[in-house]
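Inside the fold
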Amino acid sequence: MVKDFGTSKPVYKVFCPMYNESKGAFWLSNSAEVKNPYYGKDMLSCGEVQEEIK
């Protein structure tokens, strides 16, 4: 939806490869800094920005 309709600020697609028995999962963030919602404080920086959507 973000790609189709656009956004006034950049949105980042972030991927965590370890979540869901190493199947991985992604989330959208308004920051390029990784703050993993799946693992929280235990592995807050696990993941990488895969795409910046403008």
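Predicted, not measured: the structure shown is a model, and the values here were computed from it.

Here's the deal with unusual backbone geometry
At Glu21, a residue that is not glycine, the phi angle is positive and equals roughly 55 degrees. Its location among the elements puts Glu21 in helix H2 (residues 19–22). A residue is classified by how much of its surface remains accessible, and Glu21, at 72% relative accessible area, is exposed.

Observations concerning the sheet that holds strand E2 (residues 25–29)
Read from one edge to the other, the open sheet built from three strands follows the order E2-E1-E3, with strand pairing classed as antiparallel. The open sheet terminates on both sides in strands that have one partner only, identified here as E2 and strand E3 (48–53). Strand-to-strand twist of the sheet, defined as the mean angle between neighbouring strand axes without regard to direction, takes the value 25 degrees. Bridging between strand E1 (residues 11–16) and E2 involves five bridges; their strand directions are antiparallel. What sits directly across from Lys13, in E2, is Leu28.

Conventions and cut-offs
Residues numbered from 1 in each chain as written. Predicted model: local features only at pLDDT ≥ 70, side-chain atom pairs only at ≥ 80, totals over all residues. Heavy atoms only, no water. Helix = DSSP H or I, 4+ residues; strand = E, 2+ residues; numbered from the N terminus. Buried < 20%, exposed > 50% of the residue type's maximum accessible area, 1.4 Å probe, protein only. Pairing = 2+ DSSP bridges. Axes fitted to C-alpha atoms, helices over the stretch in contact; angles between N-to-C directions.

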